[in-house]
Amino acid sequence: MREAIGMVETRSLVGAIEAADAMLKSANVKILDFQLVGSGLVSVTVTGEVAAVMAAVDTGKERAAQVSEVISANVIPRPHDEVEKIF
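Residues numbered from 1 in each chain as written. Predicted model: local features only at pLDDT ≥ 70, side-chain atom pairs only at ≥ 80, totals over all residues. Heavy atoms only, no water.

Concerning the pairing of strand β3 (residues 41-48)
Summarising burial for β3: 8 of the 8 residues are buried, a large majority. Burial along β3 is two-sided: the residues Leu41, Ser43, Thr45 and Thr47 and Val42, Val44, Val46 and Gly48 are all buried. Where strand β1 (residues 4-10) meets β3, 7 bridges bridge the pair, whose relative direction is antiparallel. Bridge pairing in β3 links isoleucine 5 to threonine 47. Of the pairings in the sheet, the one linking strand β2 (residues 29-38) to β3 comprises 8 bridges and is antiparallel in character. Pairing of glutamine 35 across the sheet is with serine 43, part of β3. Linking two consecutive strands that pair antiparallel, namely β2 and β3, is a turn of 2 residues; a positive phi of about 55° is found at serine 39 within it. (Buried < 20%, exposed > 50% of the residue type's maximum accessible area, 1.4 Å probe, protein only. Helix = DSSP H or I, 4+ residues; strand = E, 2+ residues; numbered from the N terminus. Pairing = 2+ DSSP bridges.)

This is the structure:
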């Protein structure tokens, strides 16, 4: 598993795409997963170094909030290897 994973969940596809774009432009991260959760919820997960992921999630949250509702955001530094199985 990478050094960190960060997630932003929004109540719209447009908000999630906006978050993903902002996260990729603001820090050296890569998209690990993009999920249509259901009931209008969409989750974007990025991976990279801890500081980069933290900066990316903060930026993604702010940008997504401009166009949709942000449901949740989280950063997991150095996740356990078993977490990789989820993705």
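That covers the picture; the talk isn't over yet.
As for the pattern of salt bridges
In total, this model carries 5 salt bridges according to the counting rule given. Taking the shortest distance from any N to any O, the salt bridge between arginine 11 and glutamate 69 comes out at 2.9 Å. Taken together, the residues arginine 11 in the loop between β1 and α1 (13-26) and glutamate 69 in the loop between α2 (50-65) and β4 (70-77) connect sequence positions 58 residues apart. Note on glutamate 69: relative accessible area 44%, which makes it partly exposed. Put simply, aspartate 21 and lysine 25 hold a salt bridge, and the shortest N to O gap is 3.1 Å. Here aspartate 21 and its partner lysine 25 are both found in helix α1, 4 residues apart, which amounts to about one turn of the helix. On the accessibility criterion, aspartate 21 (31% relative accessible area) is partly exposed. Taking the relative accessible area as the measure of exposure, lysine 25 reaches 66% and is therefore exposed. (Salt bridge = Lys/Arg side-chain N within 4 Å of Asp/Glu carboxyl O.)

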